[in-house]
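Observations on the model geometry
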Amino acid sequence: MGSRPYRRRLAWGAAALLVAGIAVPAAASAAEHHGPSDVSSHTPKNAKNVILLIGDGMGDSEITLARDYTVGAAGRLNMDKFPMTGAYTTYSVDKDGKPDYVTDSAASGTGWATGRKTVNGRISKTPGTDKPMTTILELAQRNGLATGSVTTAELTDATPAVLASHATDRSCQGPADMKACPNDTIAKGGPGSIAEQSVNHKVDVLLGGGRNRFDQKITEGRYQGLTVTQQAEKLGYQIVTDAKGLSSARAGKPVLGLFAPGNVPVEWTGRNAAVGGTAAQRCVTSNPERKAGTPDLESQTRKALELLNTGKGKKNGFFLQVEGASIDKRDHAADPCGQIGETAAFDRAVKAAREYAAKHPDTLVVTTADHGHSSQIVPLEANPPGLSSTLTTNEGQQLKVNYSTNTPGQSQEHTGTEVRIAAQGPQSRRVLGVTDQTELFTTIRTALSLR
């Protein structure tokens, strides 16, 4: 009974806007406010599968900017349609366990991957003693689940690295990159680089960039003289490098997809923010640096779900992490168009996950960020001291975005704000209220009944 006046007011407001000649985005309608499997009395208590989607650097400002530009201020993104929404804190710690209020992606990822805080730059190892901490992916594997990781960054970058590797420093990505991790080298009895560890873990699906890391030669141990890619082949991986190869990949053997030498090039381009601002611009929804045949994040996510939902995954379930990595990277570069395009691409991956969950209600879907970032929507008349850019949105309105977390010419910085976490499916109520990043580990572990 209480919903009828709300619907009537919404309809009247939309009609008034149309009379005034203002386009109302379709996503603003009450009928589309919620998506598939939002609320169900038949949702099981525990989950068979978990899909965790991480928008790197995707704070509330980044979400709002993408929403305003793509679907309009009154519109809703796919990530806006989850029935359970809360916020979590993201701080890291120093070596003594005291708060470091602004985290990096290594420490924040370690938080949800292990349930424990660590120092900035460290990958799933303790802050003081530098000891490995068991990750949620490792627990999933021990319990017989299939596992996967998808990213638009290098597969050895911090966020994917926290799941299937343990490193003193996030820079130790390939065999030639071990300077900061002397005790992690195979010669010292360590597990080797992040790339070596990732394939040694036999993760069922690994999709992203970073081919150059995997093409480095291994200098120590059992696979000495081989590249990490050749090591993966020895371990039974199917190696794919483009959309056609990914499409042809089949379940039964693990899949390693390497779709770029480094980070996967972004989808959208435009002029970076500048001191004094820019002329109003429309983003270019293409990028000449993005090689033809590069699969987008949505298609990678759909293929990963297809592969994981077979074999042991079909029987025992799976854990999949999907990262939209370059929201953060373009935020650092004060590139609003690149940032918005990557948020939109991530949002399509969220749609794919929710559509899967609609057919498999025993799936917990969580979307969140690792930390906040620097973009702010400011009044058009503002003259901020940093970098700014004016965009013309899909509603035909102008929007001004500002980056002022560092001196112009320097990389823009993360922020220490809490960020959104939203979910649907078994145990999704656990994200309500204000929690901490480390509690996401417990939510996933509880949902999957991992021992």
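Everything below is about the structure shown above.
Because the structure is a prediction, the values reported are computed rather than measured. (Residues numbered from 1 in each chain as written. Predicted model: local features only at pLDDT ≥ 70, side-chain atom pairs only at ≥ 80, totals over all residues. Heavy atoms only, no water.)

**Concerning the overall build of the protein chain**
- A tally of regular secondary structure across the protein chain gives 14 helices and 16 strands.
- A compact globule built from 451 residues would reach a C-alpha radius of gyration of about 22 Å, and the protein chain, at 22 Å, matches this within 12%.
- Once the C-alpha set of the protein chain is aligned to its principal axes, its extents read approximately 70 × 55 × 50 Å.
- Counting across all 451 residues of the protein chain, residues that qualify as buried make up 55%.
- Of the contacts formed within the protein chain by residues at least 6 apart in sequence, a portion of 71% connects residues at least 24 apart.
- Looking at the protein chain as shown, the accessible area adds up to about 18500 Å², and 51% of this sits on carbon and sulfur atoms. (Helix = DSSP H or I, 4+ residues; strand = E, 2+ residues; numbered from the N terminus. Rg over C-alpha atoms; globule rule 2.2 N^0.38 Å. Buried < 20%, exposed > 50% of the residue type's maximum accessible area, 1.4 Å probe, protein only. Contact = heavy atoms within 4.5 Å. Areas by Shrake-Rupley, 256 points an atom, 1.4 Å probe, with all protein chains shown as cover.)

**Examining the packing of aromatic side chains**
- Under the definition given, this model contains two aromatic pairs.
- Sitting over the face of the ring of Tyr91, Lys117 holds its NZ or CZ atom 3.7 Å from the ring centroid.
- A cation over a ring is seen here: Arg354 above Phe82, with NZ or CZ 4.9 Å from the ring centre. (Phe/Tyr/Trp six-rings, centres within 6.5 Å; stacked < 30°, edge-to-face > 60°. Lys NZ or Arg CZ within 6 Å of the ring centre and 35° of its normal.)

**Here we look at helix H2 (residues 60-70)**
- Inspection of H2 places Glu62, Ile63, Leu65, Ala66, Arg67, Asp68 and Tyr69 among the buried residues, and these make up the whole buried set.
- Residues of H2 that are buried make contact with helix H12 (326-332), helix H13 (336-359), strand E12 (375-378), strand E13 (387-392), strand E14 (398-403) and strand E15 (419-424).
- Gly72 lies just past H2 and shows a positive phi near 95 degrees.

**Points about the nonpolar core**
- By size, the foremost hydrophobic cluster in this structure holds 85 residues, and its most contacted members are Ile51, Leu53, Val199, Leu256 and Leu320.
- At six residues, H13 tops the list of elements feeding residues into this core.
- Residue contacts for Val199: discarding those within four places in its chain leaves Leu206, Phe214, Val228, Gln231, Ala232, Leu235, Tyr237 and Leu256.
- With 14 residues, the next largest nonpolar core counts Ile340, Leu387, Leu391 and Leu399 among its residues. (Core = buried A, V, L, I, M, F, W, Y, C linked by side-chain atoms within 4.5 Å.)

**Focus on the state of the cysteines**
- Overall, the coordinates contain two disulfides when judged by the stated rule.
- Across the disulfide from Cys172 sits Cys181; the S-S distance is 2.0 Å. Looking down the S-S bond of the Cys172 and Cys181 bridge, the torsion is 95 degrees, so its handedness is right-handed.
- Across a sulfur-sulfur distance of 2.1 Å, Cys283 and Cys337 are joined as a disulfide pair. Where Cys283 bonds to Cys337 through sulfur, the torsion about that S-S bond is close to -80 degrees, and the disulfide is left-handed. You can see Cys283 sitting in the loop between strand E9 (274-275) and helix H10 (297-308) and its partner Cys337 sitting in helix H13, a full 54 residues away along the chain.
- By relative accessible area, which is 0% here, Cys337 ends up buried.
- Counting only the cysteines that take part in disulfides, in the order they occur along the protein chain, gives the pairing 1-2, 3-4. (Disulfide = S-S within 2.5 Å.)

**What about H13?**
- In this model H13 runs 35 Å from its N-terminal to its C-terminal C-alpha over 24 residues, within 8% of the 34 Å that 1.5 Å per residue would give.
- Most of H13 is tucked away, with 19 of its 24 residues classed as buried. (Expected span 1.5 Å × (residues − 1).)

**So, the packing of H2 against H13**
- Look at H2 against H13: their axes get within 9 Å of each other, and the N-to-C directions meet at 90 degrees. Comparing the axis directions of H2 and H13 gives the class roughly perpendicular. In this structure, H2 uses Glu62, Leu65, Ala66, Tyr69 and Thr70 to contact H13, whose residues at the interface are Gln339, Ile340 and Thr343. (Axes fitted to C-alpha atoms, helices over the stretch in contact; angles between N-to-C directions. Parallel < 35°, antiparallel > 145°, perpendicular 65-115°, else oblique.)

**Focus: the sheet that holds E9**
- The four strands lie next to each other as E9-E13-E14-E12, forming an open sheet whose pairing is antiparallel. Looking at the sheet topology across the chains shown, the edges are occupied by E9 and E12.
- Taken together, the four bridges between E12 and E14 define a ladder with antiparallel strand orientation. Each bridged residue has a counterpart across the sheet, and for Ser375 the counterpart in E14 is Tyr403.
- Contacting E12, E13 and E14, H2 crosses the sheet at an angle of about 55 degrees to E12. (Pairing = 2+ DSSP bridges.)

**So, the side chain of Asp80**
- Position of Asp80 relative to the elements: it lies in the loop between H2 and strand E2 (84-89).
- Within the local environment of Asp80, its side chain forms a polar contact with the backbone nitrogen of Leu77, the two atoms lying 2.8 Å apart.
- Separated by 2.9 Å, the side chains of Asp80 and Arg420 make a polar contact.
- Excluding anything up to four places from it in sequence, Asp80 contacts Ile63, Arg67 and Arg420. (Polar contact = N/O pair within 3.5 Å; in protein donor to acceptor, adjacent residues only side chain to side chain.)

**Topic: the environment of Lys81**
- Mapping Lys81 onto the fold places it in the loop between H2 and E2.
- The class of Lys81 is buried, set by a relative accessible area of 13%.
- Taking C-alpha positions, Lys81 is 36 Å from Ser171, a pair spaced 90 residues apart along the chain.

**Comments concerning the sheet that holds strand E10 (residues 318-324)**
- Here we have 10 strands laid out as an open sheet, ordered E7-E8-E6-E5-E10-E1-E11-E15-E2-E16, and mixed in their pairing. Every other strand in the sheet has two partners, leaving strand E7 (238-240) and strand E16 (433-436) as the edge strands with one partner each. Here the average twist between neighbouring strands, direction ignored, is 15 degrees.
- Of the strand pairs in this sheet, strand E5 (residues 146-154) and strand E6 (residues 205-209) are connected by four bridges, and their pairing is parallel. For Glu154, the partnering residue across the bridge sits in E6 and is Gly209.
- On the sheet, H13 packs against strand E1 (49-55), E5, E10, strand E11 (363-369) and E15 and is oriented at approximately 170 degrees with respect to E1.

**A short note on the environment of Arg116**
- With respect to the helices and strands, the residue Arg116 is situated in the loop between helix H3 (105-114) and helix H4 (136-142).
- With 14 residues separating them along the chain, Arg116 and Asp130 place their C-alpha atoms 13 Å apart.
- In this structure, Arg116 is in contact with Thr110, Gly111, Thr126, Met133 and Thr438, ignoring residues within four places of it in sequence.

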